[in-house]
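So you can see what is in the structure, the chains are spelled out below.
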Amino acid sequence: MDIGRRIRDVREDLGMPAAELARRVGVAPNTVWRYESGEREPSMAMLEKIARALRTQPAELLREPSPSAEALSDLSRA
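Residues numbered from 1 in each chain as written. Predicted model: local features only at pLDDT ≥ 70, side-chain atom pairs only at ≥ 80, totals over all residues. Heavy atoms only, no water.

**Q** Would you take a moment to explain the overall build of the protein for this structure?
**A** When you go through the protein residue by residue, the secondary structure sums to 6 helices and 0 strands. Each helix and strand of the protein, ordered N terminal to C terminal, gives the series α-α-α-α-α-α. Looking at the protein as a whole, 32% of its 78 residues are labelled buried. For the protein, long-range pairs separated by at least 24 residues make up 52% of all intrachain contacts whose partners lie at least 6 apart in sequence. Carbon and sulfur atoms form 50% of the exposed surface of the protein, whose accessible area is close to 5,200 Å². (Helix = DSSP H or I, 4+ residues; strand = E, 2+ residues; numbered from the N terminus. Buried < 20%, exposed > 50% of the residue type's maximum accessible area, 1.4 Å probe, protein only. Contact = heavy atoms within 4.5 Å. Areas by Shrake-Rupley, 256 points an atom, 1.4 Å probe, with all protein chains shown as cover.)

**Q** Hey, could you run me through the environment of Met16 in this one?
**A** Looking at where Met16 falls in the secondary structure, it is placed in the loop between α1 (3-13) and α2 (18-25). Between the C-alpha atoms of Met16 and Ala53, which are 37 residues apart in sequence, the distance is 9.9 Å. Not counting residues up to four positions away in its chain, the partners in contact with Met16 are Arg11, Leu21, Arg24, Ala53 and Leu54.

**Q** Just to check I follow, could you spell out the side chain of Arg11 for this structure?
**A** Tracing the chain through its elements places Arg11 in helix α1. Leave out the neighbours within four places in its chain, and Arg11 touches Met16, Pro17, Ala18, Leu21, Glu36 and Leu54.

**Q** Could you clarify how one ought to interpret the nonpolar core in this entry?
**A** One recurring pattern in soluble globular proteins is that nonpolar side chains are buried together. With 17 residues, the main nonpolar core has Ile7, Leu21, Val25, Ile50, Leu54 and Leu61 as its most contacted residues. Those elements giving two or more residues to this core turn out to be α1, α2, α3 (29-37) and α4 (44-53). Here this core gets 5 residues from one element, more than from any other, and that element is α4. With sequence-adjacent residues up to four places away left out, Leu54 is seen in contact with Ile7, Val10, Arg11, Leu14, Met16 and Leu21. (Core = buried A, V, L, I, M, F, W, Y, C linked by side-chain atoms within 4.5 Å.)

**Q** How do you make sense of the pattern of salt bridges when you look at a structure like this?
**A** Where charged atoms from two side chains of opposite charge approach closely, those side chains can pair. Per the counting criterion, the structure on display carries 8 salt bridges. Note that Arg6 and Glu60 form a salt bridge whose closest N and O atoms lie 3.6 Å from each other. Of this pair, Arg6 sits in helix α1 while Glu60 sits in helix α5 (residues 58-62), and the two are 54 residues apart along the sequence. According to the relative accessible area criterion, Glu60 is partly exposed, its value standing at 33%. A salt bridge links Glu36 to Arg11, with the shortest nitrogen-to-oxygen separation between them at 2.7 Å. Here Glu36 is found in helix α3, whereas its partner Arg11 is found in helix α1, with 25 residues between them in sequence. Note on accessibility: Glu36 and Arg11 belong to one class, buried. (Salt bridge = Lys/Arg side-chain N within 4 Å of Asp/Glu carboxyl O.)

See the structure below:
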């Protein structure tokens, strides 16, 4: 599970700059970068703030990504 990648994907889907997310959750922009790069993992309280700022639920940021269609077709050929 890559929480940071999920945070970045949702943020980018919203067209929100990292600096704006940082401002909304009350951290420095480099802290958002650390979360998104996987250098640090946000606490549960911070994950809730991030989810609120991204108009989603913490569970969405924690979920495993679904397998791609290509990965599924590779499995069916095995």
